[in-house]
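# Architecture and fold: a report
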Amino acid sequence: MTEAATARRSRITPEREAELYTAVLDLLREVGYDALTMDAVAARTKSSKATLYRQWGGKAELVAKAMRHQKPGFHGNVDTGSLRGDFHAMVVREDDCHMEQNSALMRGLAMATHTNPDLLRAFRELLIEPEMAEIRRMLQRAIDRGEVRPDNPAIGFVMHMLIGGFAARTLIDELPPTRAFLTSYVDAVILPALGA
């Protein structure tokens, strides 16, 4: 984070920031990304629009940071000693209720990224790239332990497989993703693809 961004963000307490992010996610669920306005966020949070723009720069960054903030922590430093254990720890970081809510929110935001390049850029920078870095660290530990061959072609598709399982659950089965489903998916699809 740049020094200017750090200085900007330091004016809001972590508690206030969490309140703002919760309000943004609530508004997103109510009206969707395209109808979400900084005016509405300011009104809901009793903030000034100028403060919101000063802190987050715009709607795309605010939404992406709100999504990142509400994700439970799994920062690549969880090391259970096995790739299977690490994947299972990653999958169970969210309870089923939050997973269902986030799945619906992510579907809507994924659609919005097609027509909002700023949102796509913010999502890549603040959500996708950090998640991919976590997966790469996890896979590197598995390679170092000898669980996965370093030349396995599936390594480059792990994030695709994870997102695919998460997103396709609703589309194909008309059910939300759950811990049990994703744990089974990891065991039946991802680990065999990695030869683990």
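For the structure itself, look to the data block above.
Here the structure is a predicted model, which is why all the values come from computation and not from measurement.

Scoring rules and cut-offs
Residues numbered from 1 in each chain as written. Predicted model: local features only at pLDDT ≥ 70, side-chain atom pairs only at ≥ 80, totals over all residues. Heavy atoms only, no water. Helix = DSSP H or I, 4+ residues; strand = E, 2+ residues; numbered from the N terminus. Rg over C-alpha atoms; globule rule 2.2 N^0.38 Å. Buried < 20%, exposed > 50% of the residue type's maximum accessible area, 1.4 Å probe, protein only. Contact = heavy atoms within 4.5 Å. Areas by Shrake-Rupley, 256 points an atom, 1.4 Å probe, with all protein chains shown as cover. Lys, Arg positive; Asp, Glu negative; His and termini not counted. Charge placed at Lys NZ, Arg CZ, Asp CG, Glu CD. Core = buried A, V, L, I, M, F, W, Y, C linked by side-chain atoms within 4.5 Å. Phe/Tyr/Trp six-rings, centres within 6.5 Å; stacked < 30°, edge-to-face > 60°.

### Considerations on the overall build of the protein chain
- Assigned secondary structure in the protein chain consists of ten helices and zero strands.
- Beginning at the N terminus, the succession of helices and strands in the protein chain can be written as α-α-α-α-α-α-α-α-α-α.
- In summary, the protein chain has a C-alpha radius of gyration of 18 Å against a globular reference of 16 Å for 196 residues, a match within 12%.
- Counting only C-alpha atoms, the protein chain reaches 55 × 40 × 30 Å along its principal axes.
- Relative to its full complement of 196 residues, the protein chain shows a buried share of 40%.
- Residue pairs at least 24 apart in sequence account for 68% of intrachain contacts in the protein chain once pairs closer than 6 positions are excluded.
- Surface exposure of the protein chain reaches about 10,500 Å², of which carbon and sulfur atoms provide 58%.
- Of the side chains in the protein chain, 25 bear a positive and 26 a negative charge, and the two mean positions are spaced by 4 Å.

### What about the nonpolar core?
- Formed by 28 residues in total, the largest nonpolar core has its most connected members in Val 24, Leu 28, Tyr 33, Val 63, Leu 109, Leu 119 and Phe 123.
- Elements represented by at least two residues in this core include exactly α2 (14-31), α3 (38-45), α4 (49-56), α5 (59-70), α7 (96-113) and α8 (117-145).
- Beyond its immediate sequence surroundings of up to four residues, Leu 119 is in contact with Tyr 33, Ala 60, Val 63, Leu 109, Ala 112 and Thr 113.

### Comments concerning the packing of aromatic side chains
- Counted according to the given criterion, the structure contains two aromatic pairs.
- Where Tyr 21 meets Trp 56, the ring centres are 5.8 Å apart and the plane angle is 65°; that geometry is what we call edge-to-face. Here Tyr 21 is found in helix α2, whereas its partner Trp 56 is found in helix α4, with 35 residues between them in sequence.
- With a relative accessible area of 3%, Tyr 21 lands in the buried category.

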